[in-house]
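This is what each chain is made of:
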Amino acid sequence: MLAARARKGLLLVSAFTALLWVIHLVNVLTGARLIGWLGIDPRELTGLDGVVFAPLLHAGVGHLLSNTLPLLVLGFLTFLEGTRRFAVAVAASWLASGVGVWIFGGGLTIGASGVVFGLFAYLIVRGFYNRSLRQILLAGVLFLMYGSILWGILPTAGSNVSWQAHLFGALGGVLAALILRRRPVPGGTDRRRQSPAR
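Residues numbered from 1 in each chain as written. Predicted model: local features only at pLDDT ≥ 70, side-chain atom pairs only at ≥ 80, totals over all residues. Heavy atoms only, no water.

A. Local environment of a nonpolar patch on the surface. On the surface, Tyr129, Leu175, Leu178 and Ile179 cluster together to form a nonpolar patch covering roughly 330 Å² of accessible area. Per-element accounting of the nonpolar patch gives the leading share, three residues, to helix H8 (residues 163-179). Mapped onto the fold, leucine 178 is located in helix H8. (Patch = residues over 30% accessible without salt bridge, like charges linked within 9 Å, V, L, I, M, F, W, Y side chains within 5 Å. Areas by Shrake-Rupley, 256 points an atom, 1.4 Å probe, with all protein chains shown as cover. Salt bridge = Lys/Arg side-chain N within 4 Å of Asp/Glu carboxyl O. Helix = DSSP H or I, 4+ residues; strand = E, 2+ residues; numbered from the N terminus.)

Structure follows, in structure tokens:
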């Protein structure tokens, strides 16, 4: 069961990151016009569609490379919980990041880093909501590996990095963890494991 889910998750996340590279190639071949058309232009109605499309676009190979590996690792680990949880975590991170940038952003914004921050935050906090030692230990390992990226949620003067995308993406991940937390069964028993009365 877990092995099958792992294979499916690896295939799905790999396909998504491959799609990002294909879109980047198309963007380059069209003279980067997709960025102007589909990026998030804060507080402009014409830029609102960027909430949906901006994470698919990147400014260059370096920008895309910086998001590719974290997306593969964090996306795969999130998918191991199941398709529904993966979808909720990605959607919450994607939308929260995009809406936050559209309201508070400082300029035309693109890139999947908001989703990366969202998945990272989701994986970090879900264990505490679920009271799962295994998930908390995984969160510790991830924090050691990627914890330094959290500096990216702080405002940075004179930088082209969108801290708003990072901050609101992370908040979306925390929201997803809250929505998907495992609720205890009343009485402290798991009804799914109870045998029927005879």
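So, next bit.
B. Quick look at the packing of helix H4 (residues 61-79) against helix H6 (residues 113-130). Between H4 and H6, the least distance of the axes is 9 Å, while the angle of their chain directions is 35 degrees. Relative to H6, H4 is oriented so that their crossing is left-handed. Where H4 approaches H6, its residues Asn67, Pro70, Leu71, Leu74, Gly75, Leu77 and Thr78 are matched on the opposing element by Ser113, Val115, Val116, Leu119, Phe120, Tyr122, Leu123 and Arg126. Broken down by class, the residue content of the contact of H4 with H6 amounts to ten nonpolar, four polar and one charged. (Axes fitted to C-alpha atoms, helices over the stretch in contact; angles between N-to-C directions. Left-handed = near helix turned anticlockwise from the far one by under 90°. Contact = heavy atoms within 4.5 Å. Nonpolar A, V, L, I, M, F, W, Y, C, P; charged D, E, K, R; others polar.)

C. Focus on the nonpolar core. Counting 32 residues, the largest nonpolar core has Leu71, Leu74, Leu119, Phe120, Tyr122, Leu123 and Leu142 as the members making the most contacts within it. Counting only elements with at least two residues in this core, the list comes to helix H1 (2-29), helix H2 (33-38), H4, helix H5 (83-104), H6, helix H7 (133-146) and H8. Every residue in contact with leucine 123, bar those within four places of it in the chain, is listed here: Leu74, Leu77, Thr78, Gln135, Ala139 and Leu142. If you look at the next biggest cluster of nonpolar residues, it comprises six residues, including Ala54, Val101, Trp102 and Ala165. (Core = buried A, V, L, I, M, F, W, Y, C linked by side-chain atoms within 4.5 Å. Buried < 20%, exposed > 50% of the residue type's maximum accessible area, 1.4 Å probe, protein only.)

D. Unusual backbone geometry, seen in detail. A positive phi angle, close to 65 degrees, is found at alanine 32, a residue other than glycine. Tracing the sequence through the fold places alanine 32 in the loop between H1 and H2. The exposure class of alanine 32 is partly exposed, given its relative accessible area of 37%. Residues other than glycine seldom take positive phi values, yet arginine 43 does so here, at roughly 65 degrees.

E. Summary view of the side chain of threonine 109. Within the fold, threonine 109 resides in the loop between H5 and H6. Here glycine 107 takes part through its backbone oxygen, which lies 2.8 Å from a polar atom of the side chain of threonine 109. (Polar contact = N/O pair within 3.5 Å; in protein donor to acceptor, adjacent residues only side chain to side chain.)

F. Structural context of H5. The end-to-end C-alpha separation of H5 is 31 Å, in line with the 32 Å expected for 22 residues at 1.5 Å each. Every buried residue belonging to H5 is among Arg85, Phe86, Ala89, Val90, Ala92, Ser93, Trp94, Ser97, Gly98, Gly100, Val101 and Trp102, and all of these are buried. Those residues of H5 that are buried are in contact with H1, helix H3 (50-53), H4, H6 and H8. (Expected span 1.5 Å × (residues − 1).)

G. Representation of the packing of aromatic side chains within the structure. Across all of its chains, the model carries three aromatic pairs by this definition. For the ring pair phenylalanine 104 and phenylalanine 168, a centre distance of 5.4 Å and an interplane angle of 0 degrees mean the geometry is stacked. In this pair, phenylalanine 104 is assigned in helix H5 and phenylalanine 168 in helix H8, connecting sequence segments 64 residues apart. (Phe/Tyr/Trp six-rings, centres within 6.5 Å; stacked < 30°, edge-to-face > 60°.)

H. How the structure looks around H4. Over its 19 residues, H4 runs 26 Å from end to end, which matches the ideal 27 Å to within 8%, given 1.5 Å per residue. The largest bend in H4 comes to about 25 degrees, at leucine 71. Regarding H4, the residues found buried are Leu64, Asn67, Thr68, Pro70, Leu71, Leu74, Gly75, Leu77, Thr78 and Phe79. Each element contacted by the buried residues of H4 is listed here: H1, H5, H6 and H7. (Bend = angle between axes of the 7 residues up to and from the residue.)

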